Amino acid sequence: MIVTRAGFLSSVQDLGRTGFREFGVSTSGALDSFALRVANLLVGNDEDTAGVEITFGGLQLQFQDERIIAWCGGEFDVHVGSIAFPAGHTCFVTAGEEVKFGRPKVGCRCWLAISGGIDVAPVLGSRSTDLRAGFGGLDGRTLRDRDVVRLAKWRGTSAFGKATADKQTAARGISSWTAPHDWVSPAKHDPILRFVRGADWARFDASTLERLTNETFTVSPDSDRMGVRFESPELKRMDTSDLISEAVAPGTMQVPPRGNPILLLGDCQTIGGYPKIAQVITVDFGIAAQLRAGDQVRFSEVSLTDAHRLLLERERQLELFRVGLSFHTT
(Lines give C-alpha, C1' and ligand atoms only; values in the text may rest on other atoms or scores of the structure.)
Protein backbone atom coordinates (compact mmCIF):
# COMPACT_ATOMS: atom_id res chain seq x y z
CA MET A 1 0.00 0.00 0.00
CA ILE A 2 1.48 3.36 -1.06
CA VAL A 3 0.73 6.52 0.91
CA THR A 4 0.31 9.10 -1.85
CA ARG A 5 -0.73 11.72 0.70
CA ALA A 6 -0.36 11.26 4.46
CA GLY A 7 -2.90 13.83 5.63
CA PHE A 8 -2.92 15.58 8.99
CA LEU A 9 -2.13 12.66 11.30
CA SER A 10 -2.45 9.01 10.29
CA SER A 11 -0.89 6.09 12.13
CA VAL A 12 -0.89 2.30 12.31
CA GLN A 13 -3.01 1.08 15.23
CA ASP A 14 -4.50 -2.16 16.47
CA LEU A 15 -6.28 -2.80 19.79
CA GLY A 16 -3.24 -1.72 21.79
CA ARG A 17 -0.71 -3.31 24.10
CA THR A 18 -1.90 -4.92 27.29
CA GLY A 19 0.01 -6.19 30.30
CA PHE A 20 2.69 -3.50 30.37
CA ARG A 21 1.11 -0.57 32.23
CA GLU A 22 2.90 -1.56 35.43
CA PHE A 23 6.12 -0.74 33.55
CA GLY A 24 4.85 2.68 32.48
CA VAL A 25 3.91 1.62 28.92
CA SER A 26 0.74 3.23 27.60
CA THR A 27 -1.97 1.11 26.00
CA SER A 28 -1.96 3.12 22.74
CA GLY A 29 -4.06 1.44 20.02
CA ALA A 30 -7.14 2.76 18.23
CA LEU A 31 -8.84 5.41 20.36
CA ASP A 32 -12.13 3.78 19.39
CA SER A 33 -11.19 0.12 19.60
CA PHE A 34 -14.78 -0.95 18.96
CA ALA A 35 -14.87 0.88 15.62
CA LEU A 36 -11.70 -0.90 14.52
CA ARG A 37 -13.10 -4.25 15.69
CA VAL A 38 -16.23 -3.75 13.59
CA ALA A 39 -14.26 -2.64 10.52
CA ASN A 40 -11.99 -5.67 10.83
CA LEU A 41 -14.96 -8.03 11.08
CA LEU A 42 -16.45 -6.47 7.96
CA VAL A 43 -13.37 -7.32 5.89
CA GLY A 44 -12.92 -10.78 7.42
CA ASN A 45 -9.94 -10.02 9.66
CA ASP A 46 -9.38 -10.98 13.26
CA GLU A 47 -10.64 -8.14 15.43
CA ASP A 48 -7.17 -7.13 16.62
CA THR A 49 -5.66 -6.82 13.13
CA ALA A 50 -3.71 -3.59 12.59
CA GLY A 51 -5.33 -0.87 10.49
CA VAL A 52 -4.96 2.88 10.02
CA GLU A 53 -6.25 5.56 12.39
CA ILE A 54 -6.95 8.74 10.40
CA THR A 55 -7.23 12.14 12.10
CA PHE A 56 -8.86 15.06 10.25
CA GLY A 57 -8.61 13.28 6.91
CA GLY A 58 -6.40 14.16 3.96
CA LEU A 59 -5.09 10.60 3.65
CA GLN A 60 -4.76 9.12 0.16
CA LEU A 61 -3.74 5.51 -0.38
CA GLN A 62 -3.05 3.43 -3.47
CA PHE A 63 -3.30 -0.34 -3.32
CA GLN A 64 -0.92 -2.56 -5.26
CA ASP A 65 -3.14 -5.65 -5.24
CA GLU A 66 -6.77 -6.63 -4.70
CA ARG A 67 -8.17 -5.99 -1.22
CA ILE A 68 -11.41 -5.62 0.70
CA ILE A 69 -11.58 -2.48 2.85
CA ALA A 70 -14.00 -0.94 5.34
CA TRP A 71 -13.92 2.08 7.62
CA CYS A 72 -15.79 3.38 10.68
CA GLY A 73 -15.69 6.70 12.55
CA GLY A 74 -16.64 10.35 12.05
CA GLU A 75 -18.57 11.82 9.12
CA PHE A 76 -15.85 11.75 6.47
CA ASP A 77 -16.17 12.05 2.70
CA VAL A 78 -14.39 8.96 1.44
CA HIS A 79 -14.01 7.97 -2.21
CA VAL A 80 -12.61 4.95 -4.00
CA GLY A 81 -11.71 6.45 -7.33
CA SER A 82 -14.70 8.64 -8.13
CA ILE A 83 -17.21 6.53 -6.15
CA ALA A 84 -18.39 7.61 -2.68
CA PHE A 85 -17.56 5.00 -0.05
CA PRO A 86 -19.76 5.29 3.10
CA ALA A 87 -18.86 4.17 6.61
CA GLY A 88 -19.67 0.62 7.65
CA HIS A 89 -19.80 -0.82 4.14
CA THR A 90 -17.19 -3.00 2.44
CA CYS A 91 -15.48 -2.16 -0.82
CA PHE A 92 -13.50 -4.34 -3.20
CA VAL A 93 -10.49 -2.41 -4.50
CA THR A 94 -8.34 -3.52 -7.40
CA ALA A 95 -4.63 -3.00 -7.98
CA GLY A 96 -3.84 0.65 -8.71
CA GLU A 97 -7.07 2.04 -7.22
CA GLU A 98 -6.81 5.01 -4.88
CA VAL A 99 -8.77 5.67 -1.70
CA LYS A 100 -9.17 9.29 -0.54
CA PHE A 101 -10.32 10.59 2.85
CA GLY A 102 -11.64 14.15 2.91
CA ARG A 103 -12.05 16.36 5.96
CA PRO A 104 -14.73 15.32 8.45
CA LYS A 105 -18.01 17.20 8.80
CA VAL A 106 -18.58 15.81 12.31
CA GLY A 107 -15.97 14.19 14.54
CA CYS A 108 -12.27 14.00 13.78
CA ARG A 109 -11.15 10.36 13.49
CA CYS A 110 -11.88 7.20 11.56
CA TRP A 111 -10.38 3.73 11.28
CA LEU A 112 -9.58 1.86 8.09
CA ALA A 113 -9.42 -1.94 8.01
CA ILE A 114 -7.79 -3.76 5.09
CA SER A 115 -8.21 -7.45 4.40
CA GLY A 116 -5.05 -9.16 5.61
CA GLY A 117 -4.10 -6.17 7.75
CA ILE A 118 -0.95 -4.08 8.00
CA ASP A 119 2.20 -6.16 8.36
CA VAL A 120 4.61 -4.25 10.59
CA ALA A 121 6.74 -5.83 13.30
CA PRO A 122 4.93 -6.15 16.64
CA VAL A 123 6.50 -4.44 19.64
CA LEU A 124 5.50 -5.72 23.10
CA GLY A 125 2.78 -7.78 21.49
CA SER A 126 1.16 -4.99 19.46
CA ARG A 127 1.58 -3.26 16.11
CA SER A 128 0.16 0.00 17.48
CA THR A 129 2.14 3.21 17.15
CA ASP A 130 3.11 4.87 20.43
CA LEU A 131 3.70 8.37 19.08
CA ARG A 132 5.01 9.79 22.35
CA ALA A 133 7.53 7.02 23.01
CA GLY A 134 8.35 6.62 19.30
CA PHE A 135 7.99 2.89 18.84
CA GLY A 136 5.61 0.43 17.20
CA GLY A 137 3.71 0.91 13.96
CA LEU A 138 5.81 2.23 11.10
CA ASP A 139 9.09 3.22 12.82
CA GLY A 140 7.18 4.71 15.74
CA ARG A 141 5.85 7.64 13.72
CA THR A 142 2.89 8.89 11.72
CA LEU A 143 2.53 7.99 8.06
CA ARG A 144 4.36 10.22 5.58
CA ASP A 145 3.96 10.96 1.90
CA ARG A 146 5.40 8.20 -0.30
CA ASP A 147 5.55 5.64 2.52
CA VAL A 148 5.23 2.07 1.30
CA VAL A 149 3.30 0.03 3.88
CA ARG A 150 3.56 -3.74 3.76
CA LEU A 151 0.25 -5.61 3.95
CA ALA A 152 -0.13 -9.14 5.23
CA LYS A 153 -1.13 -11.81 2.76
CA TRP A 154 -4.87 -11.89 2.19
CA ARG A 155 -6.10 -15.43 2.71
CA GLY A 156 -9.13 -14.74 0.52
CA THR A 157 -11.29 -17.08 2.64
CA SER A 158 -13.31 -14.50 4.53
CA ALA A 159 -17.01 -13.75 4.14
CA PHE A 160 -15.92 -10.87 1.96
CA GLY A 161 -13.63 -12.59 -0.48
CA LYS A 162 -13.41 -11.40 -4.08
CA ALA A 163 -16.19 -13.61 -5.39
CA THR A 164 -18.63 -12.46 -2.71
CA ALA A 165 -17.75 -8.82 -3.16
CA ASP A 166 -18.13 -9.00 -6.93
CA LYS A 167 -21.53 -10.66 -6.69
CA GLN A 168 -22.97 -8.29 -4.09
CA THR A 169 -21.61 -5.00 -5.27
CA ALA A 170 -22.31 -5.29 -8.98
CA ALA A 171 -21.15 -2.14 -10.79
CA ARG A 172 -20.23 -0.07 -7.73
CA GLY A 173 -17.91 -2.45 -5.87
CA ILE A 174 -19.48 -1.41 -2.53
CA SER A 175 -21.72 -3.60 -0.38
CA SER A 176 -25.38 -2.66 0.00
CA TRP A 177 -25.47 -3.97 3.59
CA THR A 178 -23.72 -2.39 6.54
CA ALA A 179 -23.14 -2.55 10.29
CA PRO A 180 -25.40 -0.67 12.78
CA HIS A 181 -25.18 3.12 12.38
CA ASP A 182 -24.11 3.89 15.96
CA TRP A 183 -21.22 1.45 15.60
CA VAL A 184 -19.84 2.81 12.36
CA SER A 185 -20.64 6.52 12.91
CA PRO A 186 -20.26 7.27 16.64
CA ALA A 187 -19.61 11.01 16.18
CA LYS A 188 -22.43 13.15 17.63
CA HIS A 189 -23.55 16.73 17.01
CA ASP A 190 -24.47 17.09 20.71
CA PRO A 191 -22.30 14.52 22.49
CA ILE A 192 -23.15 13.25 25.95
CA LEU A 193 -20.58 11.20 27.84
CA ARG A 194 -21.82 8.87 30.55
CA PHE A 195 -19.64 8.30 33.60
CA VAL A 196 -19.40 6.57 36.95
CA ARG A 197 -18.06 8.36 40.02
CA GLY A 198 -14.30 8.50 40.31
CA ALA A 199 -12.14 7.62 43.31
CA ASP A 200 -11.91 11.30 44.37
CA TRP A 201 -15.56 12.22 43.88
CA ALA A 202 -15.87 13.20 47.56
CA ARG A 203 -13.09 15.79 47.24
CA PHE A 204 -15.49 18.08 45.36
CA ASP A 205 -18.35 20.01 46.91
CA ALA A 206 -21.99 19.68 45.91
CA SER A 207 -22.04 22.78 43.71
CA THR A 208 -19.01 21.56 41.71
CA LEU A 209 -20.54 18.12 41.24
CA GLU A 210 -23.75 19.76 40.10
CA ARG A 211 -21.82 21.75 37.48
CA LEU A 212 -20.33 18.52 36.14
CA THR A 213 -23.74 17.15 35.22
CA ASN A 214 -25.67 20.38 34.53
CA GLU A 215 -23.27 22.51 32.48
CA THR A 216 -21.76 22.19 29.01
CA PHE A 217 -17.99 21.72 28.64
CA THR A 218 -15.96 23.16 25.74
CA VAL A 219 -13.15 21.11 24.20
CA SER A 220 -9.78 22.88 24.16
CA PRO A 221 -7.48 22.97 21.09
CA ASP A 222 -4.81 21.56 23.42
CA SER A 223 -6.15 18.02 23.02
CA ASP A 224 -4.51 14.97 21.48
CA ARG A 225 -4.35 11.18 21.68
CA MET A 226 -3.26 11.47 25.30
CA GLY A 227 -6.39 13.27 26.42
CA VAL A 228 -9.22 15.70 25.78
CA ARG A 229 -8.78 18.96 27.67
CA PHE A 230 -11.73 21.20 28.49
CA GLU A 231 -11.51 24.99 28.63
CA SER A 232 -14.61 25.58 30.70
CA PRO A 233 -16.30 25.40 33.09
CA GLU A 234 -13.75 25.03 35.89
CA LEU A 235 -14.18 22.39 38.57
CA LYS A 236 -12.66 23.34 41.95
CA ARG A 237 -12.03 20.76 44.65
CA MET A 238 -12.46 21.38 48.37
CA ASP A 239 -9.28 19.60 49.41
CA THR A 240 -6.19 21.19 47.83
CA SER A 241 -3.63 18.93 49.50
CA ASP A 242 -1.23 16.98 47.29
CA LEU A 243 -2.29 13.47 46.36
CA ILE A 244 -0.20 10.34 45.98
CA SER A 245 0.03 9.35 42.34
CA GLU A 246 -2.24 6.43 41.53
CA ALA A 247 -3.13 4.34 38.52
CA VAL A 248 -5.14 6.01 35.76
CA ALA A 249 -6.54 4.57 32.54
CA PRO A 250 -8.30 5.65 29.35
CA GLY A 251 -11.61 7.18 30.39
CA THR A 252 -10.31 8.65 33.67
CA MET A 253 -11.32 12.28 34.14
CA GLN A 254 -8.75 14.22 36.15
CA VAL A 255 -8.98 17.75 37.52
CA PRO A 256 -5.69 19.74 37.69
CA PRO A 257 -5.29 22.60 40.21
CA ARG A 258 -6.61 25.23 37.76
CA GLY A 259 -9.88 23.32 37.53
CA ASN A 260 -9.89 22.55 33.78
CA PRO A 261 -10.66 18.81 33.58
CA ILE A 262 -8.80 16.35 31.36
CA LEU A 263 -10.40 13.20 29.94
CA LEU A 264 -7.64 10.67 29.37
CA LEU A 265 -7.48 8.70 26.10
CA GLY A 266 -5.45 5.77 24.76
CA ASP A 267 -1.98 7.36 24.89
CA CYS A 268 -2.40 8.54 28.49
CA GLN A 269 0.19 8.01 31.20
CA THR A 270 -0.17 5.07 33.56
CA ILE A 271 -0.26 7.00 36.86
CA GLY A 272 -1.39 10.48 37.84
CA GLY A 273 -1.60 12.71 40.90
CA TYR A 274 -4.61 14.85 40.01
CA PRO A 275 -7.94 13.98 41.65
CA LYS A 276 -10.09 11.61 39.63
CA ILE A 277 -13.61 12.99 39.60
CA ALA A 278 -15.13 10.51 37.14
CA GLN A 279 -14.56 7.59 34.80
CA VAL A 280 -16.25 7.71 31.39
CA ILE A 281 -17.79 4.32 30.63
CA THR A 282 -16.25 2.04 28.02
CA VAL A 283 -19.16 2.10 25.57
CA ASP A 284 -18.77 5.89 25.23
CA PHE A 285 -15.06 5.84 24.34
CA GLY A 286 -16.02 6.07 20.67
CA ILE A 287 -17.85 9.36 21.28
CA ALA A 288 -14.90 10.72 23.27
CA ALA A 289 -12.48 9.82 20.46
CA GLN A 290 -14.40 12.10 18.07
CA LEU A 291 -14.19 15.28 20.18
CA ARG A 292 -12.39 18.21 18.60
CA ALA A 293 -11.64 21.81 19.54
CA GLY A 294 -14.78 23.86 20.13
CA ASP A 295 -17.13 20.91 20.58
CA GLN A 296 -19.69 21.25 23.36
CA VAL A 297 -19.98 18.20 25.63
CA ARG A 298 -22.32 17.23 28.45
CA PHE A 299 -21.83 14.57 31.12
CA SER A 300 -24.40 12.21 32.59
CA GLU A 301 -23.92 9.94 35.61
CA VAL A 302 -24.82 6.25 35.47
CA SER A 303 -24.37 3.46 37.97
CA LEU A 304 -21.54 0.94 37.75
CA THR A 305 -24.19 -1.73 37.25
CA ASP A 306 -25.56 0.12 34.23
CA ALA A 307 -22.05 0.60 32.83
CA HIS A 308 -21.46 -3.16 33.02
CA ARG A 309 -24.89 -3.90 31.54
CA LEU A 310 -24.34 -1.58 28.57
CA LEU A 311 -20.95 -3.12 27.81
CA LEU A 312 -22.23 -6.69 28.05
CA GLU A 313 -25.22 -5.81 25.88
CA ARG A 314 -22.97 -4.38 23.19
CA GLU A 315 -20.77 -7.47 23.25
CA ARG A 316 -23.83 -9.71 22.86
CA GLN A 317 -24.97 -7.62 19.92
CA LEU A 318 -21.50 -7.88 18.37
CA GLU A 319 -21.67 -11.65 18.67
CA LEU A 320 -25.00 -11.63 16.83
CA PHE A 321 -23.39 -9.42 14.20
CA ARG A 322 -20.64 -12.01 13.72
CA VAL A 323 -23.31 -14.64 13.15
CA GLY A 324 -25.09 -12.36 10.69
CA LEU A 325 -21.88 -11.93 8.70
CA SER A 326 -21.85 -15.65 8.01
CA PHE A 327 -24.97 -15.23 5.84
CA HIS A 328 -22.94 -13.16 3.38
CA THR A 329 -20.70 -16.10 2.49
CA THR A 330 -23.16 -17.49 -0.04
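Small disclaimer: the values here were computed from a predicted structure and weren't measured.

J.: I'd like to hear about the overall build of the protein, residue by residue, with values.
T.: For the protein, the count of helices and strands is six helices and 19 strands. Compactness check: the protein gives a C-alpha radius of gyration of 20 Å against a globular reference of 20 Å for 330 residues, within 12% of the reference. C-alpha extents for the protein along the principal axes are approximately 65 × 35 × 35 Å. Expressed as a percentage of its 330 residues, the buried residues of the protein come to 53%. A fraction of 76% describes how many contacts in the protein between residues 6 or more apart in sequence connect residues 24 or more apart. Accessible surface, the protein: about 14,600 Å² in total, of which carbon and sulfur atoms supply 51%. The averaged location of the 40 negative side-chain charges in the protein is 3 Å from the averaged location of its 37 positive side-chain charges.

J.: Residues and numbers for the pattern of salt bridges, please.
T.: This model, assessed by the stated rule, comprises 23 salt bridges. Salt-bridge contacts for Glu315 lead to Arg37; the nearest nitrogen and oxygen are separated by 2.9 Å. With Glu315 in helix H6 (residues 304–325) and Arg37 in helix H1 (residues 33–43), this pair connects stretches of sequence that are 278 residues apart. Residue Glu315 is classed as partly exposed on the basis of its relative accessible area of 27%. Judged by relative accessible area, Arg37 falls into the buried class, the value being 12%.

J.: Give a detailed account of unusual backbone geometry, specifying residues and quantitative values.
T.: Its identity is not glycine, yet Leu124 carries a phi of approximately 55°, on the positive side. Among the structural elements, Leu124 can be located in the loop between strand S10 (106–114) and helix H2 (162–169). Positive phi outside glycine occurs at Arg146, with the angle close to 75°. By relative accessible area, which is 69% here, Arg146 ends up exposed.

J.: Give a description of the layout of surface pockets that names residues and reports values.
T.: As a volume, the largest pocket reaches approximately 510 Å³. In terms of lining residues, the largest pocket is bounded by 23 residues, among which Trp183, Arg194, Val283, Asp284 and Arg314 are the most central. Listing elements by their share of the lining of the largest pocket, those giving two or more residues are H1, helix H3 (181–184), strand S11 (192–197), helix H5 (285–288) and H6. Per-element accounting of the lining of the largest pocket gives the leading share, six residues, to H6. For the lining of the largest pocket, the per-class residue count stands at ten nonpolar, four polar and nine charged. Of the volumes computed, that of the second largest pocket is approximately 280 Å³. Considering the residues around the second largest pocket, the lining is formed by 20 residues, among which Thr55, Arg109, Ser223, Asp224 and Arg225 are closest to the centre. By residue class, the composition of the lining of the second largest pocket is eleven nonpolar, three polar and six charged.

J.: Please give an account of H1 that cites residues and values.
T.: Turn by turn, an α-helix covers 3.6 residues, leaving residues three or four places apart pointing in a common direction. Most of H1 is tucked away, with ten of its eleven residues classed as buried. Three or more residues of H1 are buried, namely Phe34, Ala35, Leu36, Arg37, Val38, Ala39, Asn40, Leu41, Leu42 and Val43. Looking one or two residues beyond H1, the residue adopting positive phi is Gly44, at roughly 85°.

J.: Please provide a residue-by-residue account of the nonpolar core, values included.
T.: Counting residues in hydrophobic clusters, the biggest one holds 79 residues, and the most contacted among them are Val38, Ile69, Ile118, Ile277 and Phe299. Look past the residues within four positions of Val38 in its chain and what remains in contact with it is Cys72, Ala179, Trp183, Val184, Leu318 and Phe321. In terms of nonpolar packing, the next biggest core, distinct from the first, is built from six residues, Val283, Val302, Ala307 and Leu310 among them.

Procedures and definitions
Residues numbered from 1 in each chain as written. Predicted model: local features only at pLDDT ≥ 70, side-chain atom pairs only at ≥ 80, totals over all residues. Heavy atoms only, no water. Helix = DSSP H or I, 4+ residues; strand = E, 2+ residues; numbered from the N terminus. Rg over C-alpha atoms; globule rule 2.2 N^0.38 Å. Buried < 20%, exposed > 50% of the residue type's maximum accessible area, 1.4 Å probe, protein only. Contact = heavy atoms within 4.5 Å. Areas by Shrake-Rupley, 256 points an atom, 1.4 Å probe, with all protein chains shown as cover. Lys, Arg positive; Asp, Glu negative; His and termini not counted. Charge placed at Lys NZ, Arg CZ, Asp CG, Glu CD. Salt bridge = Lys/Arg side-chain N within 4 Å of Asp/Glu carboxyl O. 1 Å grid on protein atoms, 1.4 Å probe; cavity = no way out; pocket = protein on both sides within 12 Å on 5 of 7 lines; lining within 4 Å. Points joined across faces, edges and corners; volume = space filled by probe spheres on them. Nonpolar A, V, L, I, M, F, W, Y, C, P; charged D, E, K, R; others polar. Core = buried A, V, L, I, M, F, W, Y, C linked by side-chain atoms within 4.5 Å.

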